[in-house]
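Coordinate inspection notes
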Amino acid sequence: MRTRQGRLLGAGLLAALAVAGAGCKKGNEGTGGAAAPAASSGSAGGSAARAPAPSRGAPEAGQGLLLAAGRAADLRVTPDGLKATYLLNGQKPRLDGVPPQMLLGQLYVVAVEGGEPRKLGEGVTNVPGGQLITPDSKHALFLTGYNPASQSGSLNVAALDDAKAEPTVLGTAVSYMLPSPDGTRLAFVDAGRLKLGPLPSGPFTEVAGEVSTAQFTPDGKTLLIKRRLTAAGGLAAVSVEQPEAAPRKLADQVGDYAVSPDGQHVAFQVKSESVRGLYDLYLAEVPALKPKRLAVASSAFAFSPDSKWLGRTENGKPDVPGDFYVGPAAGGAGRKLGERVEKFAFSPDSQAVGFLEKYDQTAGAGLMSVAALPDGATKQVGGRVPNFLWGSDGKYVLFLSRFLKPEYSVDLMLYPLGAEKAEKVHKGVFGYGFMPGNTQVVFRSNCIRNGRSCDFKALGLPRSGEPQTWVQGIFSYKLSSDGQRVLFTYARMDSDTYDVAVYDVKTQARKTLDQGVQVPVSFAGKDDSRAVYIIAQGPKAGVYSVPATLETAAQK
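Treat the numbers as computed from the prediction; the structure is a model and nothing was measured.

Each value, and the rule that gives it
Residues numbered from 1 in each chain as written. Predicted model: local features only at pLDDT ≥ 70, side-chain atom pairs only at ≥ 80, totals over all residues. Heavy atoms only, no water. Helix = DSSP H or I, 4+ residues; strand = E, 2+ residues; numbered from the N terminus. Buried < 20%, exposed > 50% of the residue type's maximum accessible area, 1.4 Å probe, protein only. Contact = heavy atoms within 4.5 Å. Pairing = 2+ DSSP bridges. Disulfide = S-S within 2.5 Å. Phe/Tyr/Trp six-rings, centres within 6.5 Å; stacked < 30°, edge-to-face > 60°. Lys NZ or Arg CZ within 6 Å of the ring centre and 35° of its normal. Salt bridge = Lys/Arg side-chain N within 4 Å of Asp/Glu carboxyl O. Patch = residues over 30% accessible without salt bridge, like charges linked within 9 Å, V, L, I, M, F, W, Y side chains within 5 Å. Areas by Shrake-Rupley, 256 points an atom, 1.4 Å probe, with all protein chains shown as cover. Lys, Arg positive; Asp, Glu negative; His and termini not counted. Charge placed at Lys NZ, Arg CZ, Asp CG, Glu CD. Axes fitted to C-alpha atoms, helices over the stretch in contact; angles between N-to-C directions. pLDDT = per-residue confidence, 0-100.

Time to look at the overall build of the protein. Of the regular secondary structure elements, the protein holds two helices and 44 strands. For the protein, buried positions account for 57% of its 556 residues. Within the protein, residue pairs in contact and separated by at least 24 positions form 41% of the contacts whose partners lie at least 6 positions apart.

The next thing to look at is the pairing of strand E41 (residues 498–504). Among the seven residues that make up E41, seven are buried, leaving the element largely enclosed by the rest of the structure. Here strand E40 (residues 485–491) runs beside E41; their pairing, made up of seven bridges, is antiparallel. Looking at the pairing, Ala491 lines up with Tyr498 of E41. Between E40 and E41, which follow one another and run antiparallel, lie six residues. Sheet topology places E41 next to strand E42 (residues 510–524); five bridges connect them, and they run antiparallel. Paired with Ala501 across the bridge in E42 is Thr512.

This next bit is on the state of the cysteines. Within the structure shown, the criterion is met by one disulfide. Covalent S-S linkage joins Cys447 and Cys454, the inter-sulfur distance amounting to 2.1 Å. Judged by the sign of its S-S torsion, about 115°, the bond between Cys447 and Cys454 is right-handed. Classification of Cys454 by relative accessible area gives buried; the value is 0%.

Right, let's talk about the packing of aromatic side chains for a bit. Taken as a whole and judged by the stated rule, the model has 13 aromatic pairs. Here the aromatic rings of Trp470 and Tyr503 are separated by 5.5 Å at their centres, their planes lie at 25°, and the arrangement is stacked. Pair noted here: Trp470 is in strand E38 (residues 468–474) and Tyr503 is in strand E41, with a separation of 33 residues, a long-range link. In this structure, Trp470 and Tyr503 share a single accessibility class: buried. Ring pairs connect the aromatic residues Phe456, Trp470, Tyr477, Phe488 and Tyr503, which therefore count as one cluster. Positioned over the ring face of Phe403 is Lys424, at 4.1 Å from the centre of the ring.

On to the pattern of salt bridges, then. Taken as a whole and judged by the stated rule, the model has 20 salt bridges. Close ionic contact of Arg185 with Glu241 constitutes a salt bridge, the shortest N to O distance being 3.8 Å. Residue Arg185 is located in strand E12 (residues 185–190), and its partner Glu241 is located in the loop between strand E17 (235–239) and strand E18 (248–251); the two are separated by 56 residues in the primary sequence. Given a relative accessible area of 60%, Glu241 falls into the exposed group. The residue Arg452 makes a salt bridge to Asp496 at a minimum N-O spacing of 3.9 Å. On the criterion of sequence distance, the pair formed by Arg452 in the loop between strand E36 (440–448) and strand E37 (453–460) and Asp496 in the loop between E40 and E41 is long-range, its members being 44 residues apart. Look at Arg452 and you get partly exposed, because its relative accessible area is 22%. Residues joined by salt bridges that share partners form a network here, namely Asp323, Lys336 and Glu339.

Judged by side-chain charge, Asp219, Asp262, Asp306 and Asp349 come together as a negatively charged surface patch. Relative to the assigned elements, Asp262 resides in the loop between strand E19 (254–259) and strand E20 (265–271).

The next thing to look at is the sheet that holds E17. To summarise the sheet geometry, strands pair through backbone hydrogen bonds and adopt either a parallel or an antiparallel arrangement. Reading across the sheet, the four strands line up as E15-E16-E17-E18 and stay open at both edges, with antiparallel pairing between neighbours. On the outer flanks of this sheet lie strand E15 (211–216) and E18, each paired with one strand and no other. On average, each strand axis in the sheet is inclined to that of its neighbour by 25°, with strand direction left out of account.

What follows concerns the sheet that holds strand E4 (residues 72–77). With respect to topology, four strands assemble into an open sheet ordered E4-E5-E6-E7, the strand pairing being antiparallel. Of all the strands in the sheet, the pair left with one neighbour each is E4 and strand E7 (118–125). Averaged over all pairs of adjacent strands, the angle between their axes in this sheet comes to 25°, without regard to strand direction. Where strand E5 (residues 83–91) lies against strand E6 (residues 104–111), seven bridges are found, and the strand directions are antiparallel.

Looking now at the confidence of the model for the protein. The predicted structure's coordinates, where accompanied by low pLDDT, should not be read in detail. Per-residue confidence for the protein gives a mean pLDDT of 90; residues scoring 70 or more make up 89%. Residue range residues 1–27 is modelled with pLDDT below 50. Its contacts to residues more than four positions away, or to other chains, number 76 contacts. Note on residues 31–54: pLDDT under 50 across the span, and 75 contacts to partners over four residues away in sequence or across chains.

Both trends apply: most residues other than glycine have a negative phi, and most peptide bonds are in trans. Here the bond from Leu199 into Pro200 is cis, since omega is 5°, no more than 30 degrees from zero. Mapped onto the fold, Pro200 is located in the loop between strand E13 (193–198) and strand E14 (205–208). Of note, Asn315 is a non-glycine position whose phi angle comes to about 60°, a positive value. Even without being a glycine, Asp528 presents a positive backbone phi close to 55°. Turning to its location among the elements, Asp528 is positioned in the loop between E42 and strand E43 (530–535).

Here it is in structure tokens:
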């Protein structure tokens, strides 16, 4: 139930290449693919991570500004939106058993407004964790000479604001790296030894051995260390300001763990002695780090966004989810809200919690239930629900519900918090979300061609009518950060490529930006002023950028 900040180079995460459009600028998006994908799903199929063989491509491809020519893949935008990284001439490693989407290539960076591309390194992979940009967009971290067999390489750091500076090598057998939340420090595992120090060049202090991963607390003051199974799978903590001090051990045989958003508490699983195959939940305050057991046989747990509450399941069985409780983040007894709960999520304002109870693991669905905090009663508002999504203000919950009569349909439902019941938004929905500010619900429906051509619809909030169709025939969408523009892609019939267009929410005007591109297409530039993408087929293959506003697009 937590999101770890680090990037792990391991067999489990290699599978992510099959479903993730790697490294796009964070934003709201929807996509094609299987019926009713996850609420926050990215672009389908990881297409941008592949390097298709050259072909004739779309006849009108290459209408944008060419940033870099060549066969590119794995396009990523820096957090500030001003630069983009990509792999050039990527090749699949000559090693049996690696995922078909895995590439090794030359890593470049280029300004999205145009300029000379800068080569950063050779033998860089698109595997999650093979390359990162620090949160402040000042440094690129990447592994050169990546070895798929050992899942490690030489760690390099490059200053993105100094085009003439050569990258600095920090380690030669690095399997894991993690910048601090403010981007000023770096933790990395080199030959199993964890090192910690200031960016860009240290000095780096050796903290501990037999380490697999690590995680900074949100305030950056403490580093949690997860040891390898050969070191009993222990969890320990070290002060970032005093890395030379011995790590403080919390427990051995630790499973998952999570840090509260305020950095004051850490919850973690320890292999249960009473229920074979499951974990008990422990809680410790930071920096005292004195663990106490909170729950037995707990499989799912998470802190609320305001760090006031800790939700968890308790008393589960190997094949049956536990009951759901919410209690104080500092520990103590919780209030039971549901039975057999597999998934839950707090509202962004921490005033309520949603969860799927009486969960059927075979069907992958449960009863959609909501409870106001701290003492509201549980209210069931939907059945056969595989997933759900809170609006940013915590006033609405969107969820899919599978209906069997009069015919099978996966329909989108909307529940306004406190209402008597949920309302049906539309039937047959493929992907959904909220516009920034919760002004509208948006979704894809009426899909044909296996979900590659859908209507894009919107419903205003508070609801006063029926959903309106904005655009027809789209494959995926991505929202600008202010919600005023949308990037749409359209699956072509003549090739495995897409056309991209920008749509103005206020004027309802649409303008095609380019043809024959690969997904994903990302917003970039100041205030999401540009779109960046790859053309991988035909004579105009390369990395492109184009203005993503109607005024400038119309002038091109």
